[in-house]
Amino acid sequence: MATETSLPSNETQDYSHSILRNTTTPVAEFTPPTVPTTIYKFPTMEPLRFESYSSKYLYLPLRRDILHRAVIFEGDATRQGTASTKTRYEVHGSHRKVRPQKGMGKARLGTRQSPVIRGGGKSFGPHPRDFSTELPRKVYDLAWRTALSWRYRKGGLIICEDGMDIDYLKARYAKRIFDHNHWGNAYGRSLVVTNSYRKNLFGAMQDLGSEGRVQVVDDVDVKDLLEQGRIIIEKSALDEILRQHQSDLVAKVRTGV
Amino acid sequence: MHRTRRVARSIDSVGAICGAQAPRPFLCHVCRVQATSFSTSTVQSYPETGKVPLSERVRRRIWGTDQPPGQEDPYGGPGILDQVKAQNKAKKLAEQKPPATSAISATVPEDYEPATTWEGLERVGGYGNWWKENWDPRHPFMGFLPPRIMTDPEEVTAALHRALVEVFALKQAGEPLDGISKATPGADLTHDVQVIASDAGASLVFSENATLEDIVLSLAPQVEEVIEENHATESEQDIEADRSTEDLLHPEKVEETVEPPAHEPQPTESEEDVAADRSEEDPLEHQAPTIAYAELVASWDPSWLQVSLDDPEIKFAVIKRSLQLTGVRISDTSIRSITTAKSLLSHLVTPPKPRKLIEALEQKEEFLNLPNVKVHAKRITAIDKEKTVGRWKLIEEELENRGLPLTGYTRR
């Protein structure tokens, strides 16, 4: 993960092309109210139009701390928490005294469920529990938009027209698309996010885990957004994510609670 | 003991018998067999001694002649199936040979000169690019990006100039700008066109070679012909695009490659493949004119770089066309800061961030020129050092002889 954000447009142009000497690229020092995005047609990646998004959605500064908290929050919530052991009171068997209290020349023993005996109960073993932690909703929503903004700033947020699917349910066809667009393994793999299940795309990507992943927007979380080389996301899916994670921006957000 | 006769069993008598073979006195069968079983010399086979084997003698006696019909050696030689196969093979060869020889003799031109070096000769054998060219023709994919990404800054500059000219030509002609990328990039007609920044964006100064109509026409998707060609030769274009990445960028060649199938009504896939493989590859490579991009760029009035791209429609069209021509994707973050052709060009020619240290160092060239510094792409190991002095082969051999691992550990 990057330690600091860098605008590609503000990069030092140490590449000296004869025509470009003495170039002063205009530096945007202020945050513009909106930022442009290009909408592409999915498999061919032909640019269709520009669309603009609010800077509060796709142009937030990188906050590693918030991203970290969100990832930990998700990781905690994802823990299954089903590890379980039996205490001495749950171990099956008779509670008969193992041997007489005195006279055997051996240690005193009550029941065979005792934790010191093999086959006995576990004193402080794990029991099923919920590992999930809490994170203020506004912080979590900010983390979502920060992750998307980081992608946007790095040029790794590729927004596609609605109706993303491919023509054939063939892994080799999907691989061809990935290779042609420089999305595959050699380029850090890619996450494809759609608004709903697409038979051909999902089927073709099933055996193409080395090149990238495809997920429905409901299954995506912040960690997924940060993991791979780039995100290819359907516009409606992006809008859905932004709509669901704007609690710190709008007055009231309807939740399922 | 008493079953065999004493005379026949003695080695001496056997030696006498063997020594007396020159006049070949008569010996009964039992004597002969026992003598051979006792002899210490190697047993001689029938053909060498000139003797007729028992089976042959029986055959002769059955047929009553010295030359019985049938095989000479019915218990050896190829079986009947093998004989039939061999006969069929010979027949086939005999059928194939005459046309092959005639074809060769017909195709040898009069000015044929045998080559003395292998350069320029057709490579025969192996799979070559066969799989690449014939990979999955049933699922064709044609992306918007060209198969090759331009890296030469002069070439990129020429492509941007072309994009600008085409966009402003469309605008000047009153055509919608979204038709900029409808046709696959054809011949570059814009070499002689000058772009001059003006208040209304840019004005174009056309030359005799390329008029406004020519350029606008070249951008229009050729409805009748192109669609037919696309349907007929889809796979071929794929193949073409895969094989030589420069073709899309040197469109003169592409047009020529598309032509021949257009004459044929509906070529089958295999025909196309064969045609693409055989006839069109070599002429293309020889015809490819290398354009001196540096001179070309220098011939333009430098004010074209000041053309404003503030109009979002024009900006989008130029970026889209330059993406189609160069394959360099402009990130969304940069779009906002692009206001002139110059700023767009700076984004196009900036090489991508190096993924490896060696790539970064190669771009700098400061370390590469130092006399006392060597830059390697990989860590120099002990094996590499041995290789440089030519000792590694010997070490490897010795290690293998002793069953020792080459790299420090054995894999089980």
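Chain B is annotated in an unreviewed UniProt entry as Large ribosomal subunit protein mL50 of Venustampulla echinocandica. Recorded under Sequence similarities (unreviewed entry), the UniProt text for chain B is reproduced unchanged: "Belongs to the mitochondrion-specific ribosomal protein mL50 family."

Per an unreviewed UniProt entry, the recorded name for chain A is Large ribosomal subunit protein uL4m, and the organism is Venustampulla echinocandica. According to the UniProt record, the Sequence similarities (unreviewed entry) comment for chain A reads "Belongs to the universal ribosomal protein uL4 family."

*Asks:* I'd love a proper account of the overall build of chain A, names of residues and values included.
*Replies:* What chain A contains, in helices and strands, is seven helices and six strands. Reading chain A from its N end, one meets helices and strands in the order β-β-α-α-α-β-α-β-α-β-α-β-α. For chain A, with 257 residues in total, the buried portion stands at 43%. Once local pairs closer than 6 in sequence are excluded, the contacts in chain A between residues at least 24 apart make up 70%.

*Asks:* Could you give me a rundown of the interface of chain A and chain B, with the residues and numbers involved?
*Replies:* Taken together, the 49 residues of chain A in the interface contact 44 residues of chain B. With both sides pooled, the region where chain A packs onto chain B buries about 4000 Å², and carbon together with sulfur makes up 62% of that total. Remark: the boundary between chain A and chain B carries two salt bridges. As a salt-bridge pair, D136 of chain B and R172 of chain A come within 2.7 Å of each other at their nearest N and O atoms. The tally of links between chain A and chain B comes to 13 residue pairs in polar contact (both at pLDDT 80 or more). At the level of elements, strand 1 (34-40), strand 2 (47-54), helix 3 (137-154), strand 3 (157-160) and helix 4 (171-181) of chain A are the ones that each hand at least two residues to the side of chain A that touches chain B. For the side of chain A that touches chain B, a count of residues per class yields 26 nonpolar, 15 polar and eight charged.

*Asks:* Quick one: what's the story with the packing of helix 3 of chain A against helix 7 (residues 235-244) of chain A, residue by residue and with numbers?
*Replies:* All names here are of chain A. Between helix 3 and helix 7, the shortest axis-to-axis distance is 9 Å and the interhelical angle comes to 150 degrees. As far as their axial angle goes, helix 7 and helix 3 are roughly antiparallel. Read as a crossing pair, helix 3 and helix 7 show a hand that is left-handed. Contacts between helix 3 and helix 7 involve R137, D141, W144, R145 and L148 from the first element and L238, I241, L242 and Q244 from the second. Of the residues in the contact of helix 3 with helix 7, the class split is five nonpolar, one polar and three charged.

*Asks:* Pulling in residues and values, what's your account of the pattern of salt bridges?
*Replies:* This structure, assessed with the given rule, holds 22 salt bridges over all chains. Between D179 of chain A and K175 of chain A there is a salt bridge, and its shortest N-O distance comes to 3.0 Å. Note that D179 of chain A and K175 of chain A are positioned in helix 4 at a spacing of four residues, about one turn of the helix. When its relative accessible area of 39% is taken as the criterion, D179 of chain A is described as partly exposed. A salt bridge links R391 of chain B to E386 of chain B; the nearest nitrogen and oxygen atoms lie 3.1 Å apart. Linked through salt bridges whose partners overlap, the residues forming this network are R49, E51, E161, K235 and D239 of chain A.

*Asks:* If you had to explain the nonpolar core to someone new, which residues and values would you point to?
*Replies:* Counting residues in hydrophobic clusters, the biggest one holds 45 residues, and the most contacted among them are L164, V318 and L344 of chain B. Put simply, the parts of the chain that give this core at least two residues each are helix 8 (153-172), strand 2 (201-205), helix 9 (212-219), helix 14 (293-298), helix 15 (312-326) and helix 17 (341-349) of chain B. Considering every element that reaches this core, the biggest residue donor is helix 8 of chain B, with eleven residues. Not counting the four nearest positions on each side in its chain, L164 of chain B is found in contact with W304, V307, L309, V318 and A341 of chain B. Counting residues in hydrophobic clusters, the runner-up holds 34 residues, among them Y152, V193, I241 and L242 of chain A.

*Asks:* Tell me about unusual backbone geometry, and please be specific about residues and values.
*Replies:* Residues and elements named next belong to chain A. The phi angle at M45 is positive, at roughly 60 degrees, despite the residue not being glycine. By secondary structure assignment, the location of M45 is in the loop between strand 1 and strand 2. Residue classification places M45 among the buried positions, given a relative accessible area of 0%. A positive phi is found at H182, a non-glycine position, where the angle reads about 60 degrees.

*Asks:* Explain the sheet that holds strand 2 of chain A to me, using residue names and the numbers behind them.
*Replies:* Working definition: the strands of a sheet are paired by backbone hydrogen bonds and lie parallel or antiparallel to each other. Residues and elements named next belong to chain A. Judged by pairing direction, the sheet is mixed, and its six strands sit side by side in the order 2-1-3-6-4-5 without closing on themselves. Looking along the sheet, the strands with just one partner apiece sit at the ends: strand 2 and strand 5 (212-216). Each neighbouring strand pair of the sheet contributes to a mean axis angle of 30 degrees, computed without reference to strand direction. Pairing geometry for strand 4 (residues 190-194) and strand 5, over five bridges, is parallel. Of the residues in strand 5, the one forming a bridge with V192 is V214.

*Asks:* Break down a negative patch on the surface for me, with residues and values.
*Replies:* A surface patch of negative charge is lined by D178, D310, D311 and E313 of chain B. Along the chain, the position of D178 of chain B falls in the loop between helix 8 and strand 1 (194-198).

*Asks:* So what's going on with the packing of aromatic side chains? Residues and values would help.
*Replies:* Inspection of every chain in the model, using the stated rule, returns ten aromatic pairs over all chains. Taken together, F42, F178 and W183 of chain A form an aromatic cluster joined through their ring pairs. The ring centre of F131 of chain A lies 3.5 Å from the NZ or CZ of R79 of chain A, which sits over that ring. The ring of Y40 of chain A is capped by R329 of chain B, whose NZ or CZ atom sits 5.2 Å from the centre of that ring.

*Asks:* Can you explain the side chain of K320 of chain B? Please cite residues and give values.
*Replies:* Inspection of the secondary structure puts K320 of chain B in helix 15. When its relative accessible area of 6% is taken as the criterion, K320 of chain B is described as buried.

*Asks:* Give a detailed account of helix 4 of chain A, specifying residues and quantitative values.
*Replies:* Of all the residues in helix 4 of chain A, the buried ones are Y173, A174, R176, I177, F178, H180 and N181 of chain A. The first or second residue beyond helix 4 of chain A is H182 of chain A, which carries a positive phi of 60 degrees.

The rules behind the values
Every chain's residues receive numbers from 1 upward, in the order its sequence appears when written. Key to labels: chains lettered from A, ligands numbered from 1, both in the order written. Two thresholds apply to this predicted model, a pLDDT of at least 70 for residue-level local features and 80 or more for giving and counting side-chain atom pairs, whereas whole-chain, interface and lining totals are computed over all residues. The side-chain figures draw on all heavy atoms in the structure; neither hydrogens nor water molecules are used. UniProt positions are given in the numbering used here, feature names are shortened, and annotations may be inferred rather than shown by experiment. Numbering of helices and strands runs from the N terminus; a helix is a DSSP stretch of H or I covering at least four residues, while a strand is a stretch of E covering at least two. Whether a residue is buried, partly exposed or exposed follows from its accessible area with a 1.4 Å probe, protein chains only, as a fraction of its type maximum: under 20%, in between, or over 50%, in that order. For this analysis, residues touch if any pair of their heavy atoms sits within 4.5 Å. In short, buried area is how much 1.4 Å probe accessible area vanishes from two parts on joining, totalled over both. Salt bridge, as used here: a side-chain nitrogen of Lys or Arg that lies within 4 Å of a carboxyl oxygen of Asp or Glu. Polar contacts, as used here, are pairs of N or O atoms within 3.5 Å; protein pairs need one atom able to donate a hydrogen and one able to accept it. Residues neighboring in sequence count only if both atoms are side-chain atoms. Under the scheme applied here, ten amino acids are nonpolar (Ala, Val, Leu, Ile, Met, Phe, Trp, Tyr, Cys and Pro), four are charged (Asp, Glu, Lys and Arg), and all others, including Gly, are polar. Axis definition: a line fitted to C-alpha atoms, over the contacting stretch in the case of helices. Angles run 0 to 180 degrees between N-to-C directions. Note that the term roughly parallel is reserved for angles under 35 degrees, roughly antiparallel for angles over 145, roughly perpendicular for angles of 65 to 115, and oblique for everything else. Left-handed describes a crossing whose near helix is turned anticlockwise from the far helix through less than a right angle; right-handed describes the clockwise counterpart. Throughout this description, the term nonpolar core refers to a set of buried Ala, Val, Leu, Ile, Met, Phe, Trp, Tyr and Cys residues connected via side-chain atoms within 4.5 Å. Two strands make a pair as long as DSSP finds a minimum of two bridges between them. The residues that make up patches have over 30% relative accessible area and no salt bridge, and they are joined within 9 Å when like-charged or within 5 Å when they are Val, Leu, Ile, Met, Phe, Trp or Tyr. Here, Shrake-Rupley sampling with a 1.4 Å probe gives the accessible areas, and only protein chains in the shown set may cover a residue. His is not counted here, nor are the chain ends, while Lys and Arg score as positive and Asp and Glu score as negative. Note that the charge is assigned to NZ on lysines, CZ on arginines, CG on aspartates and CD on glutamates. Pairing of aromatic side chains requires ring centres within 6.5 Å, counting the rings of Phe and Tyr and the six-membered ring of Trp. Pairs whose planes differ by under 30 degrees are stacked, by over 60 edge-to-face, and all others tilted. Here, over-ring charges are defined by two tests on the NZ atom of lysine or the CZ atom of arginine: distance to the ring centre within 6 Å, and angle to the ring normal within 35 degrees.

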